[in-house]
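The chain contents come next:
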Amino acid sequence: MSVTMLEAYGQPVPVRPDVERWATRPVRRRVLAVVHTVNSGRRLLDAVRLLEGDWRVQVFFTAAPDVFSGGVADFLDELRALVLPWSQAVQTVFDLALAAGHGGLHELHAPVVVLPHGAGHNKIVRARRGGAVAARGVYGLSRQRLVRDGSVIPEAIVLAHREELARLGRECPEAVPVAEVVGDPCFDRVTASRPARALYRQALRTGAGQRLVLVCSTWGPGSLLGSCGRELIERLMAELPAADYRVAALLHPHVWHSHSEWQVRSWFAGLSRDGLRVVSPRADWVGALVAADFVVGDHGSVSLYGAMTGRPVLLACLPDDDVDPGSPMAELGSFAPRLHDGKPVRRQLVRAASTYRAELYERVAGRISSEPGRFARKMRALLYRKLRLRPPGGLPAMEPARLPRLLEYDEPGSVVSWR
C-alpha cells in the first residue's frame, strides 16, 4: 500500500465546513461511495461513473467495516481517489451516499442509495446483530439489513427486476416504497460484450476448434471451490484432451482476499503449469464468461449470468439451503444439468450441449433484469433526482468488457505475473 493510502486511512482528510477556503474548484454536491468489499466497490463504479464530467459534483470514497474488507485498500489506491477514513466519513455530511453493502450505513449523515453487488438477490444468509445470530433472510432484501430502530435505512433500494418488488414485500414490506427498479449493469455489459466473443477467446488462448470450459466459483464452504474444486478441476484437466478443450478458472474476489493472492497462486501452481487458465482477480470477468462454451459453476452470480451466453451451464454443486427458492438461481438449478463425479466428464459435456434448451435459459436470463440496456439511463436519473440537480446532456454508453488477463508461471519456482 502506498504512503498516500496509509495517510488517507490513518489521518483525517481535509474536508471541513470551510472547504471553500482551500478548494480550487467549488462544488454544489458531495457524494460518498461506501466500499465494503472489492466486489461491492466494482459494482459501485458502474454508478459512480454516471457522474463523470459533471463539474458540480465531487465524489469521495471510504472503506466501510466488513469481514471481507481485504483488498479494499489496494482497490481504492488504484482509483487514485480521495479516500476518507471511516471514522471521518461517519462524521461528515454528504448530499448522497452510494453503497453495495449494508454494514455501518446507519452511521452515515447522508441519504443512502443501496445497490445489489451481484446478480439480483439469490442467497439466504444469517444476519448478526449485537453478537447474536438473527433469523435467516434473503441477502439484500431482508429486514435485518434494511431496518434499524424501526426505520428503513436506505433512501433508495436499487433493484434489477420488477419481480424483486414482490420478494422485497415479503421480506421487508416497509422498504417497498423506497425501492427503484433500474436494471443490472453486468447484464447490460454481458449483452454489449457478446459480439466480441472471438477476441475474448483469443485472449484466453482458445483455438477456433477448441471448446472452453469455464469453472467459476463463489466463496464459502458451500461453493464449488470449497466443496469439490480441486478434485473437479483435476478431473477436467485429466479427462479432457488438450487438443480439443481449454479449461479456465474464475474465482470470486472474496476467495482471493480471504486466503490471499499468494496462497491462491500457490494452490493453482501445478494445475496452471499443466495448462489451466486462471483469470486474474484484477481483470473484468465478463469477457471470460462470454468466451466460454461451457460454464461449470455453483450458486454464485457468474453462473446465473451464464444463462445469458447461449451456452450450457452445468452445476457442480448447489447448496439448496443457501438459495432462495423463489430466485432466478433456484430456477436455473431446477433444470441445469449436474456434473456428477462417477461419470466421464467429456460425455457429460457432450450431453449438456445436445440437450441444451435455449428457452429455459432465456427465461432465467429474463429474470435477471427487467430493464435490459437501460441501467445507465435509469440509474443516472435516480442519482440526479436524489442530488436535486438537472442531469447534464448525453449518456455514457455501455462499453464491452475489457479483455481478460491470466495468471502466468514463467518457470518452476519463479515469480508469478499477470499478463
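Right, let's walk through the structure included here. From a predicted model like this one, the values you see are computed outputs, not experimental measurements.

### Topic: helix H10 (residues 229-239)
Among all positions in H10, only Gly229, Leu232, Ile233, Arg235 and Leu236 are buried. An end-on view of H10 places all buried positions within 155° of arc, on one side of the element. Exposed and facing more than 90 degrees away from the buried side of H10 are Arg230 and Ala238. Tucked inside the fold, the buried residues of H10 contact strand E12 (211-217), helix H9 (224-227), strand E13 (245-251), helix H13 (269-273), strand E15 (294-297) and helix H17 (345-354).

### A word on the sheet that holds E13
Spatial ordering of the open sheet is given by E14-E13-E12-E15-E16, a layout of five strands whose pairing is parallel. Looking at the sheet topology across the chains shown, the edges are occupied by strand E14 (277-278) and strand E16 (313-315). Inspection of the sheet shows E15 paired to E16 by three bridges, in the parallel sense. Directly across from Val296, in E16, lies its bridge partner Leu314.

### What to know about the packing of aromatic side chains
Per the counting criterion, the structure on display carries five aromatic pairs. On the basis of an interplanar angle of 85° and a centroid distance of 5.1 Å, the ring pair of Phe335 and Tyr361 is categorised as edge-to-face. Note that Phe335 is positioned in helix H16 (residues 328-335) and Tyr361 in helix H18 (residues 358-365), a separation of 26 residues in sequence. With a relative accessible area of 4%, Tyr361 lands in the buried category. Between the aromatic rings of Tyr356 and Tyr361, the centroid separation amounts to 4.6 Å while the plane-to-plane angle is 20°, which identifies the pairing as stacked. In textbook terms, an aromatic cluster arises when at least three aromatic residues are bridged by ring pairs, as seen for Phe335, Tyr356 and Tyr361. A cation sits over an aromatic face here: Arg30 above Phe94, 5.8 Å from the ring centre.

Definitions and cut-offs
Residues numbered from 1 in each chain as written. Predicted model: local features only at pLDDT ≥ 70, side-chain atom pairs only at ≥ 80, totals over all residues. Heavy atoms only, no water. Buried < 20%, exposed > 50% of the residue type's maximum accessible area, 1.4 Å probe, protein only. Helix = DSSP H or I, 4+ residues; strand = E, 2+ residues; numbered from the N terminus. Arc of directions from axis to C-beta. Contact = heavy atoms within 4.5 Å. Pairing = 2+ DSSP bridges. Phe/Tyr/Trp six-rings, centres within 6.5 Å; stacked < 30°, edge-to-face > 60°. Lys NZ or Arg CZ within 6 Å of the ring centre and 35° of its normal.

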